[in-house]
Amino acid sequence: MLKINQPMRVTLSTMTLGAGLISVVLAFVLPTDGMSALNLIYNPFVCILLMIGTAVFALDRHIPAWTQSLLVVVGVAYLMAYFVIFSGADWSLFYDQFLNHEKMKGHYHILIPPLILVAKISIYSCIFSTLIGLFLAVLRSGGNIFLNYFITGYVIFFRAIPAIVLVVLVYFALPFVGIGLVSTTSVIVSLSVMFGAYTTEVFRSGIESVHRTQVEASKSLGLSSWQTMRWIILPQALRVVIPPLTGVLIDVLKTTSIAYVVGVPELIARARQLEGALGTVTPLIIVSCLYLLIVLPMALLSSHLEKRSRRWSARKAV
Amino acid sequence: MQQTDPSEPILRIIELEKFFGSLHVLKSLSTTIYKGEVVSVIGPSGGGKSTFIRCLNRIEEPTSGQIYFGDREITDRHINMSEIRRDMGMVFQNFGLFPHLTAQENVMLAPVKVRKVSRREAQEDGERLLKRVGLEDKAESYPDQLSGGQQQRVAIARALAMKPKVLFFDEPTSALDPEMVREVLDVMVGLVEDGMTMIVVSHEMSFIKEASSRVLVLVDGEIIEDGPVSEVMSGPKHERTKEFLGKLL
Amino acid sequence: MSIHTNRFTPLWVQGLAALGVLLIAGWALQHYGDIDLERIRHIFFNMEVMEGQWGLLMSGLWITTELAVVSIILSTILGLLVAIFRIKENKIINVLLVGYLEFCRATPILVALIVVYFGLPFLNIRFSAFESGVIVIVFVHAAYIGEAFRSGIMAIHRTQTEASYALGMTPRQTLQYILVPQAFRMVLPSLANQWIGVIKDTAVTSLLAITELLKAAQIIATWKANPTPLVMSTFLYLLILIPLTILTMKLERNQKLTR
């Protein structure tokens, strides 16, 4: 990619214009109830400063890379300093509230059962949704028009519905028809069915990615439909499928946090209990770090796989 | 043949060096291009021809050396290349047309946005230029509806719309099917006859022999031959040139 | 799209499978629940319960719309900015942005919302429910949108950038007239996907003290001890989201075909 060695024009001018625009929009749109930290942006002084910045750097001047970085860092630091000083935030409370080790001592282990529960929910949901997806994708490839409409309808429905709405429905509404599910189970069921729609799409694109000629070739070699699927199509489809699949599974992991809404005794719930008992928000922060620690490596693995798969499929003459 | 004006150098290249990492692609090149010249740059692949021409408008950044365009040093760190490039035109091997704009819009875009020409004027100029390259009926077509030769001719019209003082051609016909090479070369010859200063990297012998006034032979990053076409073609000084020409012919 | 209508599973097997599924569903409903149309209507579509409550539901819908529109606009702008900064390949800026991106992609929206709305007040930073929702949703989705724009811009052939510079256009002009218009077209399916994600995530803000659609429905449902409001709100969500999802899927197909 050609180095755009040009002044902050697009960078700063867009940034400052954008920030100015955003602050104007926010000023009109957001309800300002009580003390809001966003007041800092409403401050006309900051607005004007930002717009002057735009004007100055809207000229096409050559600014070397080190100046660019410096300007960006200074700009960001200025905004952060403004935020820190004028937002009314009491930063002395930071350690006490956010990273309080003394209060947490001896209580860390309380977070373990919920963690295991979250893991359990995630694993079950992942397995079921993958199975559903595989099953439906293979069915879909059969070509039965009615079945396909049904499956497509299923996919559209569950891609459209918000996860939290589905979970709430399953947990609160189903008991009225006599299907009373425990909160955990209702979460697993809703997540599996919902993400089954996504995995169906993933597997479907995987199956379709295998060129038709291969199917015809294997048929003419005498392989049955099932053998074709098992030995020719699925192995190749798998290569195409793994990166997006890991993406979906990571989504499953993240969405398990929704379980909090229906009262599953999971991480967030336990963290808030601790918060009440210990008088500090540290548990919540720990929980968010936990999620980060688990999801981040998986996300990195997923992008790594994405790059590798591009190399594999790059050989295709498509 | 060309009327060159030896008193008006358009480009002065002084000890141009280019490294790609540790690869020494251009080795201390020095030469001068005069107004009205049609310079063909030839040589084996990897010899640095494309890199050389791309350094002239700093699409490729020279590692060291100086280039003077007219009387301005364009290798100066503080210079605004966008301004300088207005007076230079470049035609690329893979055309580089903007696919989301029609042929006419492709031609009009830069004059309107860069030279601040009025839309009406740019439109008239655009129509005139498209007519000149023989594509007035394709004004409303998008690049993906045009053949390679047509696309390249639009690219030439687009470069001309900025009224450049010099035109660079980076292997303009190398990506074309043989039938279309002729139509593009005809346009280029027309430009020669109008007195445009041109630097052409190419393998097309017909153009080199018939239309250009001067030949630069670039091998392994060095200019080993530099002189009028007739001289170089009939009696090259270096073994390497003979070898290369032999393969080409 | 009918590349694979070669039958792997012969029709009779498919027919049996469909029949089997229907039978199992029927048995499950029979065994675990009571199928009775009138009863179903009374439970899930009870209009008497909804009487006089539509106002609350509609105001919830309005707040959801506000949240969604503001978040979509802001996240798209922010995403574009992020992409433009990333393209400059300035090492420091790049590292900062990648850090931000990975952080946002790894954090569940619910967790982020709770930290911002319930956690920050402990530091005396109070954002209103609306602001918290907008901030979290915008930052998370801007990360994805930024990546989409960036891959779109970088996918544009280098020669176009060079040709644009060769014509004397400045990098800003190149971005504005050449790169972004094309990238936008390429990136539209991903963008649409993200926008749908924004709309869906507004439902998560029901945890905060803001009465958007889901919360309004929950309030009525708990009060009247009847799930009809939830069903109604689901309909409303689907009314907006299903057409959008279908549109997005069409865009995705279109893209795949024109490669």
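Remember, predicted model here, so these are calculated numbers, not experimental data.

(A) Structural context of the packing of aromatic side chains. A complete count under the given rule lists eight aromatic pairs over all chains for this structure. Look at Tyr 124 of chain A and Phe 128 of chain A: their rings are 6.1 Å apart centre to centre, the planes differ by 15°, and that puts the pair in the stacked class. Pair noted here: Tyr 124 of chain A and Phe 128 of chain A are both in helix α7 (residues 112-140), with a separation of four residues, about one helical turn. Since its relative accessible area comes to 38%, Tyr 124 of chain A is described here as partly exposed. Taking 5.0 Å as the distance between ring centres and 75° as the angle between the ring planes, the aromatic pair formed by Tyr 117 of chain C and Phe 118 of chain C counts as edge-to-face. Members of the aromatic cluster, joined through ring pairs, are Tyr 154, Phe 157 and Phe 158 of chain A. Positioned over the ring face of Phe 98 of chain B is Arg 158 of chain B, at 4.6 Å from the centre of the ring. The ring centre of Trp 223 of chain C lies 4.9 Å from the NZ or CZ of Lys 224 of chain C, which sits over that ring.

(B) Broad picture of the sheet that holds strand β3 (residues 38-42) of chain B. Residue and element names in this part refer to chain B. Read across the sheet, six strands follow the order β6-β7-β8-β3-β9-β10 without closing on themselves; strand pairing throughout is mixed. For this open sheet the edge positions go to β6 (88-91) and β10 (222-228), each flanked by a neighbour on one side alone. Each adjacent strand pair in this sheet contributes to an overall mean axis angle of 15°, direction not counted. Note that strand β7 (residues 166-170) and strand β8 (residues 197-201) share five bridges and pair parallel. Each residue of the ladder has a partner; that of Val 166, found in β8, is Thr 197. Packed on one face of the sheet, helix α1 (residues 49-56) meets β3, β6, β7, β8 and β9 (214-219) and runs near 150° to β7. Across the sheet, helix α6 (residues 178-193) lies against β3, β7 and β8, angled at about 145° from β8, the strand it touches most.

(C) Fine view of the nonpolar core. Counting residues in hydrophobic clusters, the biggest one holds 116 residues, and the most contacted among them are Ile 164, Val 187 and Ile 268 of chain A together with Leu 57 and Leu 207 of chain C. Sequence-distant contacts of Ile 164 of chain A, that is, excluding residues within four places in its chain, are made with Ile 258 and Val 261 of chain A together with Ala 203, Val 204, Ser 206, Leu 207 and Leu 214 of chain C. Counting residues in each nonpolar core, the second largest holds 35 residues, with Leu 97, Ile 156, Ala 161 and Met 198 of chain B among its members.

(D) Layout of the interface of chain B and chain C. Facing 22 residues of chain B, the contacting portion of chain C comprises 20 residues. When chain B packs against chain C, the two sides together hide about 1800 Å² of surface, and 65% of this comes from carbon and sulfur. Per-residue buried area on chain B facing chain C is highest for Phe 98, His 100 and Lys 113 of chain B; these three make up 30% of the total on that side. The tally of links from chain B across to chain C stands at one salt bridge. Its salt-bridge partner being Arg 54 of chain B, residue Glu 162 of chain C comes within 2.8 Å of it at the nearest N-O pair. At the boundary of chain B with chain C, the tally comes to six residue pairs in polar contact (both at pLDDT 80 or more). Of all the elements in the fold, those that place two or more residues in the side of chain B that touches chain C are α2 (81-85), β6, α3 (103-113) and α5 (148-160) of chain B. Of all the elements, α3 of chain B adds the most residues to the side of chain B that touches chain C, at three residues. Looking at side-chain class alone, the side of chain B that touches chain C contains twelve nonpolar, five polar and five charged residues.

(E) Spotlight on unusual backbone geometry. Residues and elements named next belong to chain B. Although it is not a glycine, Phe 95 adopts a positive phi angle of roughly 65°. Along the chain, the position of Phe 95 falls in the loop between β6 and α3. Of the residues examined, Phe 95 reaches a relative accessible area of 11% and is grouped as buried. Phi is positive for Lys 116, which is not a glycine, with a value near 55°. Summarising the element assignment, Lys 116 is placed in the loop between α3 and α4 (119-132).

(F) Looking closely at the confidence of the model for chain C. Residues and elements named next belong to chain C. Looking at chain C as a whole, the pLDDT averages 82, with 88% of positions reaching at least 70. Ranking the elements of chain C by mean pLDDT puts helix α1 (residues 11-32) last, at 69, and helix α8 (residues 158-166) first, at 90. For residues 1-7, every residue scores under 50 in pLDDT, and the model assigns this stretch 18 contacts once sequence neighbours within four places are set aside. Among the prediction metrics, the complex's ipTM stands at 0.82, with pTM recorded as 0.76.

Reading the values: rules and limits
Residues numbered from 1 in each chain as written. Chains lettered and ligands numbered in written order. Predicted model: local features only at pLDDT ≥ 70, side-chain atom pairs only at ≥ 80, totals over all residues. Heavy atoms only, no water. Phe/Tyr/Trp six-rings, centres within 6.5 Å; stacked < 30°, edge-to-face > 60°. Helix = DSSP H or I, 4+ residues; strand = E, 2+ residues; numbered from the N terminus. Buried < 20%, exposed > 50% of the residue type's maximum accessible area, 1.4 Å probe, protein only. Lys NZ or Arg CZ within 6 Å of the ring centre and 35° of its normal. Pairing = 2+ DSSP bridges. Axes fitted to C-alpha atoms, helices over the stretch in contact; angles between N-to-C directions. Contact = heavy atoms within 4.5 Å. Core = buried A, V, L, I, M, F, W, Y, C linked by side-chain atoms within 4.5 Å. Buried area = accessible area lost by both parts, 1.4 Å probe. Salt bridge = Lys/Arg side-chain N within 4 Å of Asp/Glu carboxyl O. Polar contact = N/O pair within 3.5 Å; in protein donor to acceptor, adjacent residues only side chain to side chain. Nonpolar A, V, L, I, M, F, W, Y, C, P; charged D, E, K, R; others polar. pLDDT = per-residue confidence, 0-100.

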